[in-house]
Amino acid sequence: MDQVITDKLTAKLKPTYLNLVDLSAGKSCVGGSYKLVIQSEKFEGLKLLARQRLVYDALDEEMKSGAIHALEMKCLCPGDEIPK
């Protein structure tokens, strides 16, 4: 599922940085929990909620199907500091 998420985000948002961590790895649960840090020029001029909507739109199928149960995200513009 990690690769599917990465591929969809890359295709839709053309990120300059993308880090996806599966927080549910090794746990028995329905749907995955993920932490995402993504930086993209597509976020320029957008408020936080609009940035998050772009991510949710890119992953609409996975969210609706339950393949993704939880998604924690940081949506950054180029020039924003990437958290360590």
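Residues numbered from 1 in each chain as written. Predicted model: local features only at pLDDT ≥ 70, side-chain atom pairs only at ≥ 80, totals over all residues. Heavy atoms only, no water.

Colleague: For this particular structure, what's the right way to read the state of the cysteines?
Modeller: One way to say it: the disulfide is the covalent bond shared by the sulfur atoms of two cysteines. Applying the stated rule across the entire model yields 0 disulfides. The cysteine Cys75 is free of any disulfide, with Cys77 supplying the nearest cysteine sulfur at 9.3 Å. (Disulfide = S-S within 2.5 Å.)

Colleague: What should I look at first to understand the pairing of strand E2 (residues 32-39) in this one?
Modeller: Consecutive side chains of a regular strand alternate in pointing toward one face of the sheet and then the other. In terms of burial, E2 is a largely internal element, 6 of the 8 residues being buried. Sheet analysis places strand E1 (residues 17-22) next to E2, joined by 6 bridges and oriented antiparallel. Its bridge partner lying in E2, Asn19 is registered against Val37. In this structure, E2 lies alongside strand E3 (residues 68-76), joined through 8 bridges in parallel fashion. Following the sheet pairing, Tyr34 is matched in E3 by Leu71. (Buried < 20%, exposed > 50% of the residue type's maximum accessible area, 1.4 Å probe, protein only. Helix = DSSP H or I, 4+ residues; strand = E, 2+ residues; numbered from the N terminus. Pairing = 2+ DSSP bridges.)

Colleague: Is there a simple way to explain helix H2 (residues 48-58) in this structure?
Modeller: Note that an α-helix has 3.6 residues per turn; residues three or four places apart therefore point the same way. Where H2 is concerned, the buried positions are Arg51, Gln52, Val55 and Ala58. Seen along its axis, H2 keeps its buried residues to an arc of 120°; they face one direction. In this structure, H2 carries Leu49 and Asp57 as exposed residues pointing more than 90 degrees from its buried face. (Arc of directions from axis to C-beta.)

Honestly, it's all geometry; don't read function into it.
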